[in-house]
Amino acid sequence: MAAAGDGPWLDDAAGRLVRPFTVSNGRTEPSIALDLMSQVMATGVTPLGYLGPEHAQALDLCRGPVSVAEIAAQLKLPVAVTKVLLSDLVDCGALTTKPPVFHHTPTDRSLLEAVLDGLRRQL
């Protein structure tokens, strides 16, 4: 029996009925560079041609800015497959993307010390 809201693609007992890389037609490389934290957002342009149900679901999730990682989690697909789907949508003009914005230098000593202090408190 399908889980609520998942349609015919997921089954409670069997799991995913369609292999993840079938969704991307076996493609593993997106046509554009996407980071896990890259933000994507719908442009309002209606994609022309056939898009699979996962493309439509991804586009629906992108009404506001959202990260690639969040979309992969919501779609329950591997990140590599999600990146391919999102790059398809960018290529047809339905999505726009921007790289993640970091407000701190990743090697900023004070930031690294704060992370280390937080980890020590957890242990």
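As the structure is a computational prediction, the values presented were derived from the model and not from experiment.

## What about the overall build of the protein chain?
Right, on to step 1. In terms of helices and strands, the protein chain carries 5 helices and 5 strands.
Right, on to step 2. When the helices and strands of the protein chain are listed from N to C terminus, the series reads β-β-α-β-α-β-α-α-β-α.
Right, on to step 3. Expressed as a percentage of its 123 residues, the buried residues of the protein chain come to 28%.
Right, on to step 4. Looking at the protein chain alone, contacts between residues at least 24 apart form 67% of all its contacts between residues at least 6 apart.
Right, on to step 5. Carbon and sulfur atoms provide 59% of the accessible area of the protein chain, an area that totals close to 8000 Å².

## A short note on the sheet that holds strand E5 (residues 95-98)
Right, on to step 1. With antiparallel pairing, the 3 strands of this open sheet are ordered in space as E4-E3-E5. Each edge of the open sheet carries a strand with a single partner, namely strand E4 (66-67) and E5.
Right, on to step 2. Relative to E4, strand E3 (residues 39-42) runs antiparallel, the two being bridged by 2 bridges. Looking across to E4, one finds that Gln39 is bridged to Ser67.

## As for the side chain of His55
Right, on to step 1. Within the secondary structure layout, His55 lies in helix H2 (residues 53-61).
Right, on to step 2. Classification of His55 by relative accessible area gives buried; the value is 7%.
Right, on to step 3. What His55 contacts, discounting residues up to four positions off in sequence, is Leu85, Asp88 and Leu89.

## What about the pairing of E3?
Right, on to step 1. Examined bridge by bridge, E3 and E5 share 4 bridges and lie antiparallel to one another. Residue Ala42 lies in a different strand from E5, and its bridge partner there is Leu95.

## Overview of the confidence of the model for the protein chain
Right, on to step 1. Per-residue pLDDT for the protein chain averages 79, and the proportion of residues at 70 or more is 72%.
Right, on to step 2. This stretch, residues 1-6, has a pLDDT under 50; its non-local contacts, to residues over four places away or in other chains, come to 9 contacts.

## Some words on the environment of Gly93
Right, on to step 1. Mapped onto the secondary structure, Gly93 falls in the loop between helix H4 (79-91) and E5.
Right, on to step 2. Overall, the relative accessible area of 26% leaves Gly93 in the partly exposed class.
Right, on to step 3. With 50 residues separating them in the primary sequence, Gly93 and Thr43 have C-alpha atoms 7.2 Å apart.
Right, on to step 4. With near-sequence residues (within four places) excluded, Gly93 lies in contact with Thr43 and Val45.

## Things to note about the packing of helix H3 (residues 68-75) against H4
Right, on to step 1. Closest axis-to-axis distance for the H3/H4 pair is 9 Å, and the angle between their directions is 110°. The angle between H3 and H4 falls in the class roughly perpendicular. Within the contact between the two elements, H3 uses Val68, Ile71, Ala72 and Leu75 and H4 uses Val79, Thr82, Lys83, Leu85 and Leu86.
Right, on to step 2. Looking at side-chain class alone, the contact of H3 with H4 contains 7 nonpolar, 1 polar and 1 charged residues.

About the cut-offs
Residues numbered from 1 in each chain as written. Predicted model: local features only at pLDDT ≥ 70, side-chain atom pairs only at ≥ 80, totals over all residues. Heavy atoms only, no water. Helix = DSSP H or I, 4+ residues; strand = E, 2+ residues; numbered from the N terminus. Buried < 20%, exposed > 50% of the residue type's maximum accessible area, 1.4 Å probe, protein only. Contact = heavy atoms within 4.5 Å. Areas by Shrake-Rupley, 256 points an atom, 1.4 Å probe, with all protein chains shown as cover. Pairing = 2+ DSSP bridges. pLDDT = per-residue confidence, 0-100. Axes fitted to C-alpha atoms, helices over the stretch in contact; angles between N-to-C directions. Parallel < 35°, antiparallel > 145°, perpendicular 65-115°, else oblique. Nonpolar A, V, L, I, M, F, W, Y, C, P; charged D, E, K, R; others polar.

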